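Spelled out from the first residue to the last, the chains are:
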Amino acid sequence: MKKILLIATILVTTIFSAQTAKQIIDKNIELTGGLTNWKLLNSIILQGKVILGVNDEYPMRIYQQRPNLTKTVVFIGNKENVIEGYDGKNGYAMNYVVNKLQVQKNYVPESFDTDFIDYENKGFTAQVLGKEKVGDRDCYKVELTKNVNKTVYYFDVQNFLLLKEEKKDETLVYSDFKKVNNLVMPFRIEATTPKKEGDYVMILYKIEVNKAFPANTFKF
């Protein structure tokens, strides 16, 4: 009998956690624009600056288009320098040793949407890990898992905004949320890595959505 009760308790707890995680994620999607508007987002241009270390600061622009096309450029002395991108077939990154953009073997492109949008159809499972503060804000901790890949998302308990995202090799902190058309997006992103080699702060001045890009935008 005790074993049956234990199994029943585990099952109920698992179901409750899954439902709670789904409710939190659904609330975030709803309050930041709604699932329909997020799925109607087909392209985006992020304009601002990136701060590396203490004093290195560069104007930057990021182009992204469904399903996973992307290009990141920085401006040095008014000259546009592509530092990373994906053209639908190959990934590219700047090799600073030879100062040349090169094809990256085993490049894994990121999804245009965040993983927690339609996470079940993408093969992820979700569970609530509890609550934890991000700065002075109480947040729900929701973990998404797919095979060996795990990401922990921190959603504000009051407004359900995504304030923090933890991956194996990077932590992202989001702030300065503003409305862009019908969607709410962060205009400040702080990234830290375990070895501190890839740390940066991105401050955005302008975000444009659903712009038609020239045909050669993602040619490298």
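Residues numbered from 1 in each chain as written. Predicted model: local features only at pLDDT ≥ 70, side-chain atom pairs only at ≥ 80, totals over all residues. Heavy atoms only, no water.

S.K.: How would you sum up the overall build of the protein chain? Please name residues and give values.
M.R.: Across its full length, the protein chain holds two helices and 13 strands. Based on the C-alpha atoms only, the size of the protein chain along its principal axes is roughly 70 × 35 × 35 Å. Once local pairs closer than 6 in sequence are excluded, the contacts in the protein chain between residues at least 24 apart make up 38%. (Helix = DSSP H or I, 4+ residues; strand = E, 2+ residues; numbered from the N terminus. Contact = heavy atoms within 4.5 Å.)

S.K.: Quick rundown of the nonpolar core? Include the residues and the values.
M.R.: Ile 25, Phe 116, Val 142, Leu 144, Phe 155, Met 185 and Ile 207 are the most contacted members of the largest nonpolar core, which has 36 residues in total. Among the elements of the structure, helix H1 (2-31), strand E1 (43-52), strand E2 (56-65), strand E8 (137-146), strand E9 (149-156), strand E11 (171-180), strand E12 (183-192) and strand E13 (200-209) are those that each provide at least two residues to this core. The element best represented in this core is E12, accounting for five residues. Setting aside anything within four residues of it in sequence, one finds Ile 207 in contact with Ile 44, Ile 45, Leu 46, Val 180, Met 185, Pro 186 and Phe 187. Grouped together as the second largest cluster of nonpolar side chains are seven residues, Tyr 63, Leu 69, Phe 75 and Phe 218 included. (Core = buried A, V, L, I, M, F, W, Y, C linked by side-chain atoms within 4.5 Å. Buried < 20%, exposed > 50% of the residue type's maximum accessible area, 1.4 Å probe, protein only.)

S.K.: Provide a residue-level description of the layout of surface pockets, including the pertinent values.
M.R.: By volume, the second largest pocket is sized at about 160 Å³. Lys 22, Ile 25, Asp 26, Ile 29, Leu 35, Phe 116, Asp 118, Tyr 119, Glu 120 and Asn 121 are the residues that line the second largest pocket. Within the lining of the second largest pocket, the residues separate by chemical class into five nonpolar, one polar and four charged. (1 Å grid on protein atoms, 1.4 Å probe; cavity = no way out; pocket = protein on both sides within 12 Å on 5 of 7 lines; lining within 4 Å. Points joined across faces, edges and corners; volume = space filled by probe spheres on them. Nonpolar A, V, L, I, M, F, W, Y, C, P; charged D, E, K, R; others polar.)

S.K.: So what's going on with the environment of Pro 109? Residues and values would help.
M.R.: As for its position among the elements, Pro 109 is in the loop between strand E6 (100-104) and strand E7 (125-134). When the C-alpha atoms of Pro 109 and Lys 206 are compared, they prove to be 24 Å apart, with 97 residues separating the residues in sequence. Sequence-distant contacts of Pro 109, that is, excluding residues within four places in its chain, are made with Asn 68 and Tyr 86.

S.K.: Could you give an account of the pairing of strand E5 (residues 91-95), with specific residues and numbers?
M.R.: Two faces, one strand: in a regular strand the side chains alternate between the faces of the sheet. By the criterion of burial, E5 is predominantly enclosed, with four of the five residues buried. In the sheet, strand E4 (residues 79-86) pairs with E5 via three bridges, with the strands oriented antiparallel. Counterpart to Glu 84 in the pairing with E5 is Ala 93. Counted along the chain from E4 to the antiparallel partner E5, the turn is four residues long, and its residue Gly 88 has a positive phi close to 100 degrees. Pairing analysis gives five bridges linking E5 to E6, with the strands arranged antiparallel. Along E6, the bridge assignment pairs Tyr 92 with Val 103. (Pairing = 2+ DSSP bridges.)

S.K.: Before we move on, can you summarise the packing of aromatic side chains with the specific residues and values?
M.R.: This structure, assessed with the given rule, holds eight aromatic pairs. Here the aromatic rings of Tyr 140 and Phe 160 are separated by 6.0 Å at their centres, their planes lie at 25 degrees, and the arrangement is stacked. Residue Tyr 140 is found in strand E8, and its partner Phe 160 is found in the loop between E9 and strand E10 (162-166); the two are separated by 20 residues along the sequence. Ring pairing ties together the aromatic residues Tyr 63, Phe 213 and Phe 218, which thus form one cluster. Geometry around Tyr 154 places Lys 164 over its ring, the cationic atom sitting 4.9 Å from the centre. Seen from the ring of Phe 187, Lys 178 lies directly overhead, with NZ or CZ sitting 4.8 Å from the centre. (Phe/Tyr/Trp six-rings, centres within 6.5 Å; stacked < 30°, edge-to-face > 60°. Lys NZ or Arg CZ within 6 Å of the ring centre and 35° of its normal.)

S.K.: Could you give an account of the UniProt feature "domain: Uncharacterized protein TP-0789" (unreviewed entry) in the protein chain, naming the residues involved and the relevant values?
M.R.: Annotation from UniProt places "domain: Uncharacterized protein TP-0789" (unreviewed entry) at residues 118-219. A distance of 30 Å separates the end C-alpha atoms of residues 118-219, which is 0% helix and 62% strand. (UniProt positions renumbered as here; feature names shortened; annotations may be inferred.)

S.K.: Can you lay out unusual backbone geometry for me, pointing to particular residues and giving the numbers?
M.R.: With omega at 0 degrees, the peptide bond leading from Arg 66 into Pro 67 counts as cis. One non-glycine residue, Asn 78, lies in the positive phi region at around 65 degrees. For Asn 78, the position within the fold is in the loop between strand E3 (69-76) and E4. Given a relative accessible area of 81%, Asn 78 falls into the exposed group.

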